[in-house]
Amino acid sequence: MRFLAREGSLRVMDQSVAIQETLEKGENCTIAVECASLLNDVRESKLIGLVQRSNEHALFIYSHRRMAITGDDVTLDEIIPISYDFSVVEVSSPDELAVVGADTRVRVTFLEEELELKLPFGSHTRLFLSEVNRAWNDVCEQYPKEEPKFDWLTKYRKMSKGARSLRKSVGATAVKMSQIKKSERAHAANNGGQKKENERARGDGAHESQERVKSEGRDDLIRNSQPILSNKSQMLGMPQFGLRDNLIKCELLKNEEAYTYIKNYSFFLGTYNVNGQNPKESLSPWLTSNAAPPDFYLVGFQELDLSKEAFLFNDTPKEPEWMLAVYKGLHPDAKYALVKLVRLVGIMLLFYVKAEHAAHISGVEVETVGTGVMGRMGNKGAVAIRFQFHNSDICVVNSHLAAHTEEFERRNQDFKDICRRTQFRQDDPTLPPLTIMKHNVVLWLGDLNYRISDLEVDQVKDLIAKKDFETLYNHDQLKRQMDEEVVFVGFTEGEIDFQPTYKYDTGSDQWDTSEKCRVPAWCDRILWRGKNIKQLHYQSHMTLKTSDHKPVSSLLEIGIKVVNEESYKRTFEEIVRHIDRLENDCIPSVSVSQREFLFQDVKFMQHQAKTVTVYNDGQVPCQFEFIPKLDEPAYCKPWLTANPAKGFLAQGASVDIDLEVFVNRSTAPELNSGQQQLEDILVLHLERGKDYFISITGNYLPSCFGSSLSTLCLLREPIQDMPLETIRELSMKSNSQVSDPETDKPQEIPKEIWMMVDHLFRYAKKQEDLFQQPGLRSEFEEIRDCLDTGSLDTLPGSNHSVAEALLLFLDALPEPVVPFSFYPQCLDCSSDSSHCRQIISMLPQCHKNVFNYLTAFLQEMLKHSAHNRLDVNVLAPIFAGLLLRSPTKQDLTEKRKAKEFFLQFLVQTPSDRDIHDKLSE
């Protein structure tokens, strides 16, 4: 959704939006870039866009105002069709290529027409050139026998000042070119030097990043990862550079204080749990509570939509409604541009910036992490945006952590999961991703759900009435957990001098009068981490009554590192002269603290890590990277990672590399069956130096998680009591379907499934939010060990942990309960109950038994829906996604059909009665 309510209020970084407004339906400006045209030593500022209609592309070149925001700000000058007679070649001089950060000069040719353009340095230019090259390659692939016609361009003749060139361009497409000329054009377009090849390779990665942004279906008005000339550190971090430029980058970062100064900017942070409500009142009392307009707005919502559709399919109509409400509530005394919107189910984060600052924002990336059931469902979790402003890296996180007073350990776990799993891609795909804590500034807001403990509700309300917030704050769970350094280590929260923001009766300022009578709590919080940060305000906004929460805001003054161009130039030149003296024939070398690592008793979904220290003991800086062995696709086995896998070491410096082992659903099956072992050799390569070999070995404890149903049905004893050779033999028998009916008579269902289902049937029939609220990881590990060793007759842990263990078990099956081969048939007949049941009757015996057993169990649980609040619309998509897995990624239509298929079995029929008898036994 695009808002243009305030004239000139939106700054568009690549300005394709302005071009798009000049085009007709069916024509799309995929990317645009500002440039300069060079004609007879006259330099003119231009805007050039790549425009597509069907399978045809053309370059549209515009004159434009300095800030091209709408179609009224641009004037079409010329159109260059992309056909066989088109080429674009870099013509930068050797002197220009030698300067780090120099602009890129290219020559665009069509027939006899030539145009020389100067494009700004950075990843956006690389992406633009990559897209143009891709369009030209499409011509070669799609039109092997005839030229494209470009009939759609003729209507622009009168609009274009360059009508002569345009008429020639369109008319010339009918001329048949010889194959030799086509070959020459291909050679010119594809061989613009080694640097050009590198640009295209990098452009592909950037294209994937842009496609991911497009897939979110948003019109973000500041596009992803566009560097700026003042941002030297970011430029030097791009994958364009080799060893020499990494040396320059390293030295520049070490001497950053010599060419940067601190300038303060104001950041408004807001968080609001809206309890699934629509916006019913103006947000101005919240968003414009400060007299002066802030430079940045970072506005987070939780529980945007509580419907099952939003929970299960991440789809909600409320996103644009709240987005519009925020836009209308922004400070009226400034013009703001939308930088980014990111949402996960009901967790949404909006990022606006004053229009005059937009040009200094770059490297925008987003990530989402679900911490709900199985660590994936997005009813709880976080969304995050990272970006670079001038020379400072900033990361903003909006999170919604686990609910209920007693679940503070689960909240701690959610925080750690979010920190561990939020990883932002870098421009260079070979570099390790950036985590939250690797930014200069981290801003964290949201419904953190930490409650007030050890006080009765009346005591809490009495302290609130007395405004004795200091005493109350001493009972705050988040304060206690931070004091113990369990979570938010290194973060700061301002003094809380406002009453708790949860829980109120919706539409009022009255505390919760429902039957549960929730204890008031400061659930909604804002914290920060980093230097040069000062909080100006921290407050709640009681006038807003839409939700059972009150919104909270914080105004921060943050010191941002800004580049002094003259100081930067002097520093850069000194570094280059120093490196020139360093460069010689010295061979890089390092010492490695340890060459052999043993990981003992590795278990399913249990992280183990060891550290190897690499020290640069040579005479020159060096660049290291783990490289694949011969004929292997990656540098390590899928259960192993090295972090960082690539890096740069100054002379005398060292780096700690974490070697991490983690066996998950994809790697467990072959380890369980003995087809693979925990063995690998890492090759640490030094550029211009030698290779170092690091040996990784370990022993894996087989688990029922990741073992096949047919194998588990043959195991009479716990899997870890069986010799590995026996497990391997039984696995081979189950796969071949050849067995001795006397000695290898299988159980009807795996005993592990029976133990989990039996536990839930006995103890969890009336458990609220079963299969929707996650358990604790420590309890899952106890349950896993109990199933694998048979050490206990009763499963440990809460009902939620047992329920999540059952889901994880089904998710880890190498062949799902409904085998992959039956998947297409199930979708085809999803609306026909009799056909659905007929397919299940055809499943292999153990698969059929498990399917019927689980559906009977779920039908029993639904009988107690008045207590456990389960219904078929919650259970069907959760279990359909596990029992009826796709061999490839499911689209939304397939998810809905799978849900419809499983719904046919959640309604009990007379034929189900014998199954229920077995279950109750």
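Residues numbered from 1 in each chain as written. Predicted model: local features only at pLDDT ≥ 70, side-chain atom pairs only at ≥ 80, totals over all residues. Heavy atoms only, no water.

A. Representation of the overall build of the protein chain. Within the protein chain, the regular secondary structure consists of 29 helices and 29 strands. Classification of the 921 residues of the protein chain by burial places 57% in the buried group. Expressed as a percentage of contacts within the protein chain between residues at least 6 apart in sequence, the contacts between residues at least 24 apart total 71%. Carbon and sulfur atoms make up 48% of the accessible area of the protein chain, which totals about 39100 Å². (Helix = DSSP H or I, 4+ residues; strand = E, 2+ residues; numbered from the N terminus. Buried < 20%, exposed > 50% of the residue type's maximum accessible area, 1.4 Å probe, protein only. Contact = heavy atoms within 4.5 Å. Areas by Shrake-Rupley, 256 points an atom, 1.4 Å probe, with all protein chains shown as cover.)

B. Representation of the pairing of strand 29 (residues 691–700) in the model. By the bridge criterion, 5 bridges tie strand 22 (residues 596–602) to strand 29 in an arrangement that is parallel. Bridge pairing links Glu 596 to Ser 695 in strand 29. Bridging between strand 28 (residues 678–686) and strand 29 involves 8 bridges; their strand directions are antiparallel. Following the sheet pairing, Glu 679 is matched in strand 29 by Thr 697. Linking strand 28 back to strand 29 in an antiparallel pair, the connection comprises 4 residues, with Arg 688 at a positive phi of about 65 degrees. (Pairing = 2+ DSSP bridges.)

C. Highlighting the sheet that holds strand 19 (residues 533–540). As summarised here, the arrangement of the 6 strands in space is 10-11-9-8-20-19, forming an open sheet in which the pairing is mixed. Edge strands, defined here as strands with exactly one partner in the open sheet, are strand 10 (336–344) and strand 19. Each neighbouring strand pair of the sheet contributes to a mean axis angle of 20 degrees, computed without reference to strand direction. The sheet contact formed by strand 8 (residues 260–273) and strand 9 (residues 296–302) spans 7 bridges and is parallel. Bridged to Tyr 272 within strand 9 is Phe 301. Contacts from helix 11 (residues 318–329) reach strand 8, strand 9, strand 10 and strand 11 (347–354), with the element oriented near 30 degrees to strand 11. (Axes fitted to C-alpha atoms, helices over the stretch in contact; angles between N-to-C directions.)

D. Fine view of the sheet that holds strand 17 (residues 441–447). As summarised here, the arrangement of the 5 strands in space is 12-13-14-17-18, forming an open sheet in which the pairing is mixed. Whereas interior strands pair on both sides, the edge strands pair on one side only; in this sheet they are strand 12 (361–370) and strand 18 (524–529). Neighbouring strand axes in the sheet, compared pairwise and without regard to direction, differ in orientation by 10 degrees on average. In this structure, strand 13 (residues 381–389) lies alongside strand 14 (residues 392–400), joined through 9 bridges in antiparallel fashion. Opposite Ala 382, over in strand 14, you have Ser 399 as the bridge partner.

E. Looking closely at the environment of Val 369. Structurally, Val 369 is set in strand 12. Sequence separation between Val 369 and Ile 418 is 49 residues, and the spatial gap between their C-alpha atoms is 6.3 Å.

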